[in-house]
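Structural overview
These are the residues of each chain, in order.
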Amino acid sequence: MLFVAAQQCVVFTSTAVVYVTVPAPTQTVPTTEVPTTVQTTVQTTVQTTVATTSASTFTTLPSPSRVITQPSRLPGCQTWDNLEQCQGSNILVSTNEESRKWQTTPRGYPGYFDTFQDYSDLTGYAHQVYSSGRTSAQVTLIASSRTGVQTQYSWDNGQTWTSSPTRTFDKSTTGIVYPVIRDQYGFTLKLEPLDFAWNAAPIPNVSQFRNGLRGWPAKDIELECPMIAKAGYMGIKVNPPNAHLTSNNELSNTGTLNPWYYVYQPTSYNLNSKLGTRNEIRSMINTCRALGVRVYADAIINHMAANGNDIIQHRGGSDASCGYGGYRNSTDGTPFFTAGSTFETNPFTGKRPGLEFPAVPWGPSQFHCVRKLNETNDFKDPLALDAGWLVGLSDLNTDLDSVQERLADFLTDLYGIGFSGYRIDAAKHIKPEALAKIFGKLRRNLGGSLPSDFLTWLEVISGGESDLIACNANSPYNYYQGLDPKLLANGFTSSELNQVKMWDSGYPGTTPLCGRFVIPSQRFAIQNDNHDQNYAASGSVLIIDRDQGKHRYFQSQLFLRNDADWDIKIVMSAYSYGPNNEDGLLDGNSDCSKYIGKYKCNSTPKVTAYDPNACGYTVFSSSGQWLPFQWTRVHRDRTVINAMRQWVGLPSTQDVGIPSYCK
């Protein structure tokens, strides 16, 4: 989808690992331990070619021995799910569970893929802190070795090595830095390339508005940016840019391969997703910025991929088939593991599987224990709202300082490559105090202040819990009235508060939520349609009524209403589902020719998003009929564009970057 907003406006836009198993032992389900396993010791050989700095005290050690266990299964259809559940009001996972980490298949073993690198023995990431003014940045590479041996660091893709994990870069660094870590056994790990904010294209001071594109690939957005700039939109919001779930053998309940919501199930913070590769994302951002169009990322910091969605096999049925599920992969090819519905020990730990996302890296104790979130009853309970697993998504323990730091580092990386801010997905499922601390650490990373054009808006959806999150000033979980004091306590200035907006989920029907604006209306971002409403039973006027004229009027009123002083207004350009409610993106990854399973697959074709000859509302035929599998392109409608321009004080014009024949 494409989302467009104005500030006045924004447009938003493999093979699985298989373990050989043995017959199930005749035993009952254990309460605390895994079944007995057979152990073998294997001497592994790792070959690496490195260049080292002179006078190094770094000693290379012989390849380590590793204990490998024959995977052992629970009998029947049993799983270890009971061991993952929260007990009472507890929300924590013991740090003892960290012993279930290091599950990745090592090099040289069946089921290993090059994209696994040496996550079997080494993890790491970059921590980046800018100076005030953001003219330099200190970068520290944070590494963890399974065996605890020494590590070394490279800043030039492994050409030279140093014992220091920290280095300072300034504006003389005009290119991309490629950090690598290694340990004494020769295990190596290439980290995400380092981009620095001073290398992003400067934004001309030509626009004060924003806009959004949902589902559009980065290459198409880059081609569309000249039109977006000419129309007068301030920026675009794009789909989550980091790696996420993908599959070639699992279908949604509509028979869709890779449904749209897979992009909201992160697997790492590497920028390699359906949106594009890191290089494609960087190119798109720089092209748009040079035209005066800001780019905003959909940032997912509440959770990771759902329980049972990973590279190992799971089961959940009680009949003869046991309900075995297929394997999922990550768009960047990195390994990841969840603990739900597991029944077989990991051969490299000898233990039952644990939550682990090595490319982040996250381990079991950085998540909440499993607590089902009942959307009917639990949304009024602060503990459940914060620690519950929303639709089974692996819920991060955002109270932990280590989690807050890593999330701030992820947001810092997005800023470094050129994003001007974020939409924070599922923000209300993070306690206001925890989110304020994350933003405080981000602000510190950005040099102790927010950039002048920085903007973020929070998905704080309100249902029956409006008193809890908005209207009751005494609620400890109040986002509307309680977040600002917490931001101030974490270093924000009073002027910076206005750069943090609440997304008004009730617009236009229940605005203002509390019967009055309990915070100024300028603190809200509003839009008519959102990505959760892109299906037939949603609240979207476009999707439900399928009436072009009605929606055009509805969308124009978003800009022409003057009963409140909203700063950010968002237009969503999305796409239509198929006749069977096929809900894949139109990027070709939901085409059934890629499916290798045994069930009926309903295909979603690839349809190119960018079309310079297109007008708005291309989801309708020339005779007004609704068309399946089409981009809506609402942001290209001339009436909508000129309503936006009127709102922000720009003159109405026919020359808005679309063909002259467009209405």
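Everything that follows concerns the structure shown earlier in this document.
Values in this document were obtained by computation on a predicted structure and should not be read as measured data. (Residues numbered from 1 in each chain as written. Predicted model: local features only at pLDDT ≥ 70, side-chain atom pairs only at ≥ 80, totals over all residues. Heavy atoms only, no water.)

Counting residues in hydrophobic clusters, the biggest one holds 142 residues, and the most contacted among them are W362, Y422, L458 and Y479. Among the elements that make up this core, the one with the highest residue count is helix α4 (residues 401-417) (eight residues). Counting eight residues, the second-largest nonpolar core is a separate cluster that includes L455, W457, A525 and I570. (Core = buried A, V, L, I, M, F, W, Y, C linked by side-chain atoms within 4.5 Å. Buried < 20%, exposed > 50% of the residue type's maximum accessible area, 1.4 Å probe, protein only. Helix = DSSP H or I, 4+ residues; strand = E, 2+ residues; numbered from the N terminus.)

The next subject is the pairing of strand β5 (residues 122-130). Strand residues, when the strand is regular, have side chains that alternate between the two faces of the sheet. Among the nine residues of β5, eight are classified as buried, and the element is accordingly described as predominantly covered. Note: β5 against strand β6 (residues 136-145), nine bridges, orientation antiparallel. Pairing of Y130 across the sheet is with A137, part of β6. Between β5 and β6, which pair antiparallel in sequence order, lie five residues; one of them, G133, sits at a positive phi of approximately 90 degrees. (Pairing = 2+ DSSP bridges.)

A full pass over the atoms with the stated rule returns 30 aromatic pairs. For the ring pair Y112 and F116, a centre distance of 6.0 Å and an interplane angle of 85 degrees mean the geometry is edge-to-face. Through a chain of ring-to-ring contacts, the aromatic side chains of Y130, W155, F169, F196, W198 and Y415 assemble into a single cluster. In this structure, R182 is placed above the aromatic ring of W161, and the distance from its NZ or CZ to the ring centre is 4.5 Å. (Phe/Tyr/Trp six-rings, centres within 6.5 Å; stacked < 30°, edge-to-face > 60°. Lys NZ or Arg CZ within 6 Å of the ring centre and 35° of its normal.)

Within helix α7 (residues 479-489), burial applies to Y479, Y480, G482, L483, D484 and L487. Close packing links the buried residues of α7 with α5 (432-445), β21 (455-459), α6 (466-471), β22 (500-503) and β23 (524-527). Where α7 ends, the next residue or the one after it, G491, has phi of about 100 degrees, a positive value. (Contact = heavy atoms within 4.5 Å.)

Quick look at the side chain of N602 now. Within the secondary structure, N602 sits in the loop between β24 (568-573) and α10 (638-648). From its side chain, N602 meets the backbone oxygen of T254 in a polar contact 2.9 Å long. Those residues within four positions of N602 in sequence are excluded, and the remaining contacts are T254, G255, T256, N580, E582, S590 and C592. (Polar contact = N/O pair within 3.5 Å; in protein donor to acceptor, adjacent residues only side chain to side chain.)

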